[in-house]
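Letter by letter, the chains look like this.
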Amino acid sequence: MLKLNTHALISRYSTLQWCLIAIVLFILSKVTQIFWLDPLYVKSQFPVNFFVGQTTFNALQLKSYYAILVELGTLNKYLIVQLADYVFMLTVFISHLSLMIAAYKILPNINLLKKITWAMIFISPMAAGFDALENIVSFFMIANPLNFSNWLVYPYSSFASIKFIIFAITYLWALLAIIIKIIDIIYQVIHSFLNRKKINVI
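Computed from a predicted structure; not experimentally measured.

Engineer: How should I be thinking about the overall build of the protein chain in this particular structure?
Structural biologist: A count of helical and extended segments in the protein chain gives eight helices and zero strands. Listing every helix and strand of the protein chain by position from the N terminus yields α-α-α-α-α-α-α-α. Radius of gyration (C-alpha) of the protein chain: 22 Å, far over the 17 Å computed for a compact globule of 202 residues. The dimensions of the protein chain, computed from C-alpha atoms along their principal axes, are 85 × 35 × 25 Å. Looking at the 202 residues of the protein chain, the share that counts as buried comes to 40%. Restricting to contacts in the protein chain with at least 6 residues of sequence separation, those with at least 24 account for 78%. Working note: accessible area of the protein chain is about 11600 Å², and carbon and sulfur atoms make up 73% of it. Taken together, the 14 basic and 6 acidic charged side chains of the protein chain have centroids lying 19 Å from each other.

Following this line, the structure appears as structure tokens:
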């Protein structure tokens, strides 16, 4: 059923339409991050960037970050960032889904490429899911920022690390799909030119 629904979704729009949808949603996601989520994060005065703070795997280090927020009185602002992140997650979900569908549509009909991209259609949006799980764990830590159970840092940083890995794979695969498409177009143009030249010679 899921496979049929996914095929129906892919077939709903043309390749060009999916590419335009992917571009628009990617821009929307980045605008949400750069002009809304990032400024909120800066206002919270968290001492390190998202990546460093979320992938520390070190409870004492994370507690030291929270201690700074407690001292500055900005822990509530950091909590707002975590809640606002769910809006960003929604943009990530639809952006990643559309990117991978666009990649699936533009790639030449090579079995391996299609299979990998089909899998990426399901894997890529999971970045939003792992982000959500990471934030859920963070709420337990923020509730007791200086004395939360140390083991909580492991699921927290694990979910964050998986999220960042999926982000990286998604953007790399999208870039690779574009490169492959460009190479395919060049090949088709050269092949067509040589065939016409061969016919003219005959």
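Engineer: Is there a simple way to explain helix H6 (residues 111–123) in this structure?
Structural biologist: Taking 1.5 Å as the rise per residue, H6 with 13 residues should run 18 Å; its terminal C-alpha atoms sit 18 Å apart, in good agreement. Those residues of H6 lying buried are Leu113, Lys114, Thr117, Trp118, Met120 and Ile121. Projected down its long axis, H6 carries its buried residues within an arc of 160°, all on one side. Pointing more than 90 degrees away from the buried face of H6 are the exposed residues Asn111, Leu112 and Lys115.

Engineer: Could you clarify how one ought to interpret the side chain of Ser157 in this entry?
Structural biologist: Structurally, the position occupied by Ser157 is in helix H8 (residues 153–201). In this structure the side chain of Ser157 is engaged in a polar contact, spanning 3.0 Å, whose partner is the backbone oxygen of Gln54. If we skip the residues at most four places from it in the chain, Ser157 touches Gln54, Thr55, Thr56 and Phe57.

Engineer: I'm lost on the nonpolar core in this one. Help?
Structural biologist: Soluble globular proteins tend to pack their nonpolar side chains together in the buried interior. Formed by 30 residues in total, the largest nonpolar core has its most connected members in Phe46, Leu62, Tyr66, Tyr78, Met141 and Phe148. Contact partners of Met141, with chain neighbours within four places excluded, come to Leu62, Tyr66, Phe148, Leu152, Val153 and Tyr156. Grouped together as the second largest cluster of nonpolar side chains are 19 residues, Ile10, Ala103, Met120 and Ile121 included.

Engineer: Teacher, can you tell me more about the layout of surface pockets here?
Structural biologist: Rolled over the atoms, a probe with the dimensions of a water molecule shows which regions are left empty. In this model, the largest pocket occupies a volume close to 290 Å³. Ala22, Ile23, Leu99, Ala174 and Ile178 are, among the 14 residues lining the largest pocket, the residues nearest its centre. Looking at the lining of the largest pocket, the elements that each hand over two or more residues are helix H2 (15–44), helix H5 (75–106) and H8. Residues of the lining of the largest pocket, tallied by class, amount to 14 nonpolar, no polar and no charged. Taken as a whole, the second largest pocket encloses approximately 250 Å³ of empty space. For the second largest pocket, the lining is made up of 15 residues, of which Gln33, Phe88, Lys163, Phe164 and Phe167 are closest to its centre. Looking at the lining of the second largest pocket, its residues break down into eight nonpolar, three polar and four charged.

Engineer: I would appreciate a short explanation of helix H7 (residues 126–143) in the present structure.
Structural biologist: In an α-helix, one full turn covers 3.6 residues, which means residues spaced three or four apart are oriented alike. The end-to-end C-alpha distance of H7 is 26 Å, a good match for the 26 Å that 18 residues give at a rise of 1.5 Å each. For H7, the complete set of buried residues consists of Ala127, Ala128, Phe130, Asp131, Ala132, Glu134, Asn135, Val137, Ser138, Met141 and Ile142.

Engineer: I would appreciate a short explanation of the packing of H5 against H6 in the present structure.
Structural biologist: Relative placement of two packed helices is described by the angle separating their axes and the distance separating the axes. At a minimum axis separation of 9 Å, H5 and H6 run at an interaxial angle of 165°. Compared by their axis directions, H5 and H6 come out roughly antiparallel. Handedness of the H5/H6 crossing: left-handed. Of the residues in H6, those touching H5 at Leu97, Met100, Ile101, Ala103, Tyr104 and Lys105 are Lys114, Thr117, Trp118, Met120 and Ile121. Looking at side-chain class alone, the contact of H5 with H6 contains eight nonpolar, one polar and two charged residues.

Engineer: Just to check I follow, could you spell out the side chain of Lys63 for this structure?
Structural biologist: Within the secondary structure, Lys63 sits in helix H4 (residues 59–72). There is no salt bridge for the buried Lys63, and the closest opposite charge comes from Glu71, which lies 17 Å off by N-O distance. Of note is the side chain of Lys63, whose polar atom sits 3.0 Å from the backbone oxygen of Phe148. What Lys63 contacts, discounting residues up to four positions off in sequence, is Pro145, Leu146, Asn147, Phe148 and Asn150.

Reading the values: rules and limits
- Residues numbered from 1 in each chain as written.
- Predicted model: local features only at pLDDT ≥ 70, side-chain atom pairs only at ≥ 80, totals over all residues.
- Heavy atoms only, no water.
- Helix = DSSP H or I, 4+ residues; strand = E, 2+ residues; numbered from the N terminus.
- Rg over C-alpha atoms; globule rule 2.2 N^0.38 Å.
- Buried < 20%, exposed > 50% of the residue type's maximum accessible area, 1.4 Å probe, protein only.
- Contact = heavy atoms within 4.5 Å.
- Areas by Shrake-Rupley, 256 points an atom, 1.4 Å probe, with all protein chains shown as cover.
- Lys, Arg positive; Asp, Glu negative; His and termini not counted.
- Charge placed at Lys NZ, Arg CZ, Asp CG, Glu CD.
- Expected span 1.5 Å × (residues − 1).
- Arc of directions from axis to C-beta.
- Polar contact = N/O pair within 3.5 Å; in protein donor to acceptor, adjacent residues only side chain to side chain.
- Core = buried A, V, L, I, M, F, W, Y, C linked by side-chain atoms within 4.5 Å.
- 1 Å grid on protein atoms, 1.4 Å probe; cavity = no way out; pocket = protein on both sides within 12 Å on 5 of 7 lines; lining within 4 Å.
- Points joined across faces, edges and corners; volume = space filled by probe spheres on them.
- Nonpolar A, V, L, I, M, F, W, Y, C, P; charged D, E, K, R; others polar.
- Axes fitted to C-alpha atoms, helices over the stretch in contact; angles between N-to-C directions.
- Parallel < 35°, antiparallel > 145°, perpendicular 65-115°, else oblique.
- Left-handed = near helix turned anticlockwise from the far one by under 90°.
- Salt bridge = Lys/Arg side-chain N within 4 Å of Asp/Glu carboxyl O.

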